[in-house]
Structure formats: C-alpha cells, structure tokens
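# Summary of the model geometry
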Amino acid sequence: MAVMQMQRISICALKENRKAILEKLQALGVMEIDTTVLQDEDLQKMDTSSSRQVFEKQAVMADQALEVLDTYAPEKKSMLSSLEGKPLIGQPEFHHSIELRGQILQDAKNLTEWSRKISEKQATIQKLENQAESMTPWLALDIPMTGENTGQTVSFIGTLPGALTEESIHQMVSEQNEQLEAFDVKILYTDRDTTYLAVTALQNEAVAVEDALRRYGFARPSYLANRTPAQEKAGYEKKISRLKEQVEELKERIRACAGSRRKLQEISDYYRIRSDKYEVLGQIPQSENTFFVSGFVPVNSLNLIKEKIGDVYDCSIDIEDVPEDVEAPVLLKNGPISSTTEGVLASFGLPKKGEIDPTTIMSAFYIFLFGMMLSDAGYGMIMFLGCFIAIKKFPRMGESMKKTLQMFMYCGISTIIWGVLFGGFFGDVVNVVSRVFFGHEVAIPPLWFAPLNDPMKLLMFSLAVGLVHLFTGLFLKGYTSIKNGDVMSALIDCGCWFLFLIGLILMLLPSSIFAGIAGTQIVFPPFVNLLAKVLTIVGALGLLLFSARDKKNPGLRLALGAYELYGVTSWLSDVLSYSRLLALGLATGVIAQVINQIGSMGGRSILGAILFIIVFLVGHTLSLAINLLGAYVHTNRLQYVEFFGKFYEGGGRPFSPFRANTKYVDIKED
C-alpha cells in the first residue's frame, strides 16, 4: 500500500550525445520528461515539427497498408487472440527491418494505391450495374433507343405514370386530339407505377402525338443509346466483367504481399518511436554545445539511470526531492494480489498529493465482497480455472489485461470459499441430479448456513460487513489527517464520529427494533448501556461544537455542527447499501435453482438427461454472465461510493514515462 516515491532528475550532457541519450531514456522507459522547469533565455529549442510530420506520415502509411491487408488478406486469429499480446522481437530483427524501410514503405505505397484503384473500379462497376439495370424495361425494343425514322414515320420511346394498356393510351391521345389516329403504341414493360412504351407516328403528326401524351405525364428517358437496349446492356455487362477481372487481379497482388505484414508493423512502430523522440527533442532546452533534460524518476530506478547513462556518457546528473509546491506523477507499488485491483482504483482516480494509496485494503474488501455476492462454488471454479488457464496460455498478454484476469481469478477463489460456506454448487445441482436421475437425494451441506433458508442471518451479516467497511474508511481518513499533521481533524472529524456511531450501535443492539429484525434479543450489562449513552453524547457534542471550528461566529458554528450531525442519515443509507450483498447472493442461488428445476422437468430418461444437459449448459452460462456482471458492478459501487466517500478523493496524475510506445510489437532490449 504505497505510492512510489518520485525524485526530480536533471541531466546535462554534450549535444553530440543527445540522440544516444534520448534513445536510451526511451528504451529504459523510467523517466517522465518535464519541460517546464528549465527556462533560460540563453537556451534554445529545436524545431522538429517538420521531421515529426514526416515520421507520422510514414507511420500512417504503414498503418493504412496494414488495414488493406486486413481487408483483402486477413490474418487467421483465434477467438482469444486479443489475449495474446504483442509479439516480442529482438534487436537484430528490428534493425533489419529498419535497413529495409525504403522497400517496406514502397510496399505500403503499392498496397494503398492498389486499394484505391479497387475502390475506384468497384464504384465504376456499381455505376455500370445501375445503368445495365436501367435497360431492363426496354429490352423488348428491337430498334435503337434514339428511335427509327423512315420517310413517313417517326419512332420514339418514353414512360407514362401508372400501369396502362395500349387501348387506354390510344383513348388518352384521342381525348386530346380526335384527328390523331394514324399512330401505333407498343407497351414494352409495365410495373405498378410506370408504363414503358414505344410510339410510332406519321412524321407530320409525331409532335402532336407526343404533346398529347405529355399532358398525361409522358417523359422520354434521360439517356438514349444509339443501339438497342439489349445491345447496350450487353455492352455494360462486358465492361463490368472486365473491371471485375481487374479488381480480382489487384486483390491477388495484395494477397501476395501478406507475408510483409510483420515488416509493415515493425516499420510503423519504428516511425512512431522516432516521432515520439523528436517530440521530446523539440521540447528540451539546448545551448550551442550542450542540452538539458529534466523530469521525474521513481526512486528505485535512479541507479538504472546512473548505470546506463551516467556511467556511459560524459554528463552531469542532478537528483533532488520533488518540491512541496509541485505535484509529482503517481506510480503505485503494491503486492502481487493487491496490485491486481490497481485498475479499479485508477478508474476512480489515483491518489493526489497528501493521500494514501488504499489499494491493499480496498483489494481485500473487493475480493471478499465480490465472492460474497456471487457465492457459488461452481461459478467460482469456472472463473478461477478460466482466468488461470488464460494467464498461463498467453504469457505475453497486456499488463492491464493480465492484472484484470488475475483479479477475477482471486475473486473466483473467494467465490469458491463463499459457495462452500453457503452450500452453493451450481445452485442445488447435486440434490437435483441425485434425486431425479438416481432416485436418492444427496446434498452438499453448507459449511456455515444456507442463505435461502435463513436470509435474515445473511442480512445481519451483510450490514455488519458494511459497518466494518465504512469504519475502515473512516479510520483511513483519520490516519491520513495524522500523516499530514492535522491531528485536530483526526480527533474531531473521525474520532467523534467513531464515538457517536459506536454509541448509537450499542444503544440499538439491545432494542426491540433490532430484536425484531435479527430474531434474537441482546442484553447488555447496565454499565455497557451507560457507556453507550456517554459515547453517543460525547461524540455528538464534539461534532456539534467543533466540526466548524474554523468559524468564529458561534451561531454559524453551531448551525454547521448541527448539519454535520445530520450526516448520520447518510451513514444509515450507506449501511443499508450493503443489503445488496444479500440481494445478489440470493439472486445467484435462486436463478441457479430455477435453471436446475427446469432442466429436470424431463424426468429420469435419456431425453430427460439430454434436456437437463442442454438447459444446464445454456442456463448456467447465462446465469454466470448476468451474476458476474452484477457482482462486478455492485462491488465497484461499494468501493467508489460508500468506501471512498469516507476518506478518498483521488485526482492524482498518472506517471507517464518517455518510452517506446509501440502499437504492434515489443522490442527486446539487449
């Protein structure tokens, strides 16, 4: 339970060693660069923006090429590939890729160019397919779409709205002009909304016939080919076929480059590393012959800096404590079990200056409460084995993912323990299977008690656990105040609350209200009852008179003290929040038992056994997923709202060292 002590370090070295020292710092990854300290008019900063843009552009080009490969030549991965982590490569392999970077970038350029051409050709194919489809209604036309003129007749095509017949079209023209009779209408295609037709009329009457049809919505096509529709469609299809062949040829070229995927990844990371280095290079102050770099280093990494840089290069290294007015970055240091819950703490906020790291204490409660909420040995066994196997099978998974799986593995152990205490193993599957399929019921008795048989006992225990959890938070608040030299806050804001709350609890336990809830009567000796009243009164008076001790106005001071006393209601609601331990524990058991009962409805038969297996697998998988999510969410809530609400604010800045932030591979240091 500790925040790693930070030291400020400043390095002054010869400019000729600048590149080597920065690369070494980046490889070590133990120093957070701070450019706000050294400000001097005689020192200059190097403009590296143009170089960074080049490196970023090259990294993006490699990333785009990898996206092209993922699209047309996807890498076969297992369902658990996300757990594998980044592959580890040695320095020789990495430097070999760097030497071939020109060729690799050309491959990346070719891949992106081929992908662009594929997109263009596919867009053209889509356009041609639409044009070919537009010919379908006109396929019955055996003359060019532009029409066919003889010495005496004119032919033209068009559409009318609605589904019409030749007779109705003749009638429409006649209604407009009775003298127009020497024309012919041929319906080519009809759908629900449009009629496609060809009209042949005398040359001197063609305009009048078309005008008559236009009054009913007649319109010529926007595009008229000089060939028949069938010929035009065949032409489109020929172009489409040729373009598809070209697209397939380009795809084959891309697939042939699938073997360069690793090299593209390495060169992308190379330029990403260089971009980060040049970003720092542009921020550090430099003189004509020297350069300066300053930042924060964990105290346990100082010797590494001295060994790898101070003993190798001609430089000056100055180490000092972080000034009081400077907020150092936060790096947590915890044991192998408690460190697994650092992600839970970081999601809320890292400790700010003056706060303690609550990870160790929080982790104990977290694992304890999680197991109590899930409380089924079968589910716990699945969690433990699943996480344990994944951790062993994928040793190179990301650190964050590894810690999360380790946390759930420990929560699985806690769940197994609580399942044994409460007698839950996939609900009551042992009872159901032995009774239905073997005719003789066998039960696994709880080591402590069965919550479904005695829910009030579990409720009382849950509230007691809540009190311990909340009192621990209040104790940590007092400890933090003493650590920061504020003894008065520890005595009043924590000590008086302890007296007041303990007194109230001692007064509540022998009362009839508690007896009615717990089902048992507690009787204290008279001196304990007197002690309870004394503690309550002393605590209440301390809070009333001294909570607002910084206020000089007596009336305001008492008013604020009374408001502080009113906070006892929030304590009541916080304690009652721990009834969710009862609710989730019972929900797990009830859902599991219902699944077992449904599965056993087939009775003692082959079909009944098959039904039970199917219902068992599907039902308990869903039950585990739902209850696992509920336990995770509500355990987090009890930490964030109830526990942290008593002493912890967070808001610390995470330690962000200058390191090789690769995306695809990890580079092994020699």
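Everything discussed here concerns the structure shown above.
Attention in this report is confined to the structure presented alongside it. Everything numeric here is computed off the predicted structure, so don't read it as measured data. (Residues numbered from 1 in each chain as written. Predicted model: local features only at pLDDT ≥ 70, side-chain atom pairs only at ≥ 80, totals over all residues. Heavy atoms only, no water.)

Let's shift gears to the overall build of the chain. Counting secondary structure elements, the chain contains 22 helices and 11 strands. Here the C-alpha coordinates of the chain stretch approximately 130 × 85 × 65 Å along the principal axes. Scored against the burial criterion, the 670 residues of the chain give a buried share of 44%. Here the contacts in the chain between residues at least 6 apart in sequence split such that 81% fall between residues at least 24 apart. (Helix = DSSP H or I, 4+ residues; strand = E, 2+ residues; numbered from the N terminus. Buried < 20%, exposed > 50% of the residue type's maximum accessible area, 1.4 Å probe, protein only. Contact = heavy atoms within 4.5 Å.)

With 7 of 9 residues buried, strand β5 (residues 153–161) lies mostly within the body of the structure. Direction of pairing for β5 relative to strand β7 (residues 194–202): antiparallel, over a ladder of 9 bridges. Bridge assignment links P161 to a residue of β7, and that residue is T194. (Pairing = 2+ DSSP bridges.)

A few words now on the sheet that holds β5. Strand order in the open sheet made by the 3 strands is β5-β7-β6, with antiparallel pairing throughout. Two strands lie at the open edges of the sheet, namely β5 and β6 (183–190), each paired on one side alone. Between one strand axis and the next, the sheet turns through 20 degrees on average, direction left out of account. Summarising the sheet, β6 and β7 pair through 7 bridges and their orientation is antiparallel. (Axes fitted to C-alpha atoms, helices over the stretch in contact; angles between N-to-C directions.)

This next bit is on the environment of I591. Within the fold, I591 resides in helix α21 (residues 580–599). Ignoring sequence-local partners within four residues, the contact set of I591 consists of S623 and N627.

The biggest cluster of nonpolar side chains holds 71 residues, and the ones touching the most others in it are F370, L405, C411, W497, W571, L581 and F644. The biggest single contributor to this core is helix α15 (residues 455–483), with 9 residues. Formed by 67 residues, the second largest nonpolar core is a distinct cluster that contains A62, L250, I284 and C315. (Core = buried A, V, L, I, M, F, W, Y, C linked by side-chain atoms within 4.5 Å.)

Take the pattern of salt bridges next. For the structure shown, the criterion picks out 27 salt bridges. The closest approach of N and O atoms between E56 and R52, which form a salt bridge, is 3.4 Å. Taken together, the residues span about one helical turn, with E56 and R52 both in helix α2 (residues 49–72) at a distance of 4 residues. Residue classification places E56 among the partly exposed residues on the basis of a relative accessible area of 35%. Given a relative accessible area of 25%, R52 falls into the partly exposed group. K244 is paired through a salt bridge with E129; the nearest N and O atoms lie 3.8 Å apart. Placement of the pair is K244 in helix α7 (residues 229–256) and E129 in helix α4 (residues 101–134), with a sequence separation of 115 residues. Accessibility expressed as a relative area gives 29% for E129, which makes it partly exposed. Among the ionic contacts, a cluster of salt bridges with common partners joins K19, E23 and K277. (Salt bridge = Lys/Arg side-chain N within 4 Å of Asp/Glu carboxyl O.)

Next up on the list: a nonpolar patch on the surface. A cluster of nonpolar side chains, namely I606, L607, I610, I613, I614, L617, V618, L622 and I626, defines an oily patch on the protein surface of about 940 Å² accessible area. We classify I606 as exposed; its relative accessible area is 67%. (Patch = residues over 30% accessible without salt bridge, like charges linked within 9 Å, V, L, I, M, F, W, Y side chains within 5 Å. Areas by Shrake-Rupley, 256 points an atom, 1.4 Å probe, with all protein chains shown as cover.)

What follows deals with the layout of surface pockets. In this approach the atoms are scanned with a rolling probe the size of a water molecule, which exposes any empty space left behind. In this structure, the second largest pocket encloses a volume near 720 Å³. What lines the second largest pocket is a set of 19 residues, among which L467, I505, L508, L572 and V575 lie closest to the centre. Counting residues per element, the lining of the second largest pocket draws most heavily on helix α20 (residues 568–577), which supplies 6 residues. When grouped by side-chain class, the residues that make up the lining of the second largest pocket number 18 nonpolar, 1 polar and no charged. (1 Å grid on protein atoms, 1.4 Å probe; cavity = no way out; pocket = protein on both sides within 12 Å on 5 of 7 lines; lining within 4 Å. Points joined across faces, edges and corners; volume = space filled by probe spheres on them. Nonpolar A, V, L, I, M, F, W, Y, C, P; charged D, E, K, R; others polar.)

The relation between two aromatic rings is expressed through the spacing of the ring centres and the mutual angle of the planes. Summed over all chains, the structure comprises 37 aromatic pairs. Ring geometry for F647 against Y648: centres 6.0 Å apart, planes inclined by 50 degrees, an arrangement best described as tilted. Exposure class is identical for F647 and Y648. Each is buried. In this structure an aromatic cluster arises from ring pairing among F348, F365, Y640, F643, F644, F647 and Y648. One residue, K646, lies across the ring of W571, its end atom 4.8 Å from the ring centre. (Phe/Tyr/Trp six-rings, centres within 6.5 Å; stacked < 30°, edge-to-face > 60°. Lys NZ or Arg CZ within 6 Å of the ring centre and 35° of its normal.)

Moving on, we get to helix α11 (residues 359–374). Compared with an ideal rise of 1.5 Å per residue, which puts 16 residues at 22 Å, α11 spans 22 Å between its outermost C-alpha atoms and is within 8% of the ideal. In terms of burial, α11 is largely enclosed, as 12 of its 16 residues are buried. By the burial criterion, the buried members of α11 are T359, M362, S363, F365, Y366, I367, L369, F370, G371, M372, M373 and L374. Downstream of α11 by one or two residues, S375 has phi in the positive range, about 45 degrees. (Expected span 1.5 Å × (residues − 1).)

Turning to the sheet that holds strand β2 (residues 6–14), a few remarks are in order. The strand order across the open sheet formed by 4 strands is β3-β8-β2-β9, and the pairing between neighbours is antiparallel. Each end of this open sheet is capped by a strand with a single partner; those strands are β3 (32–33) and β9 (315–321). Where β2 meets β9, 7 bridges bridge the pair, whose relative direction is antiparallel. The residue of β9 that forms the bridge with C12 is S316. Packing against the sheet, helix α9 (residues 302–310) makes contact with β2, β8 (290–298) and β9, and its axis sits at approximately 170 degrees to β9.

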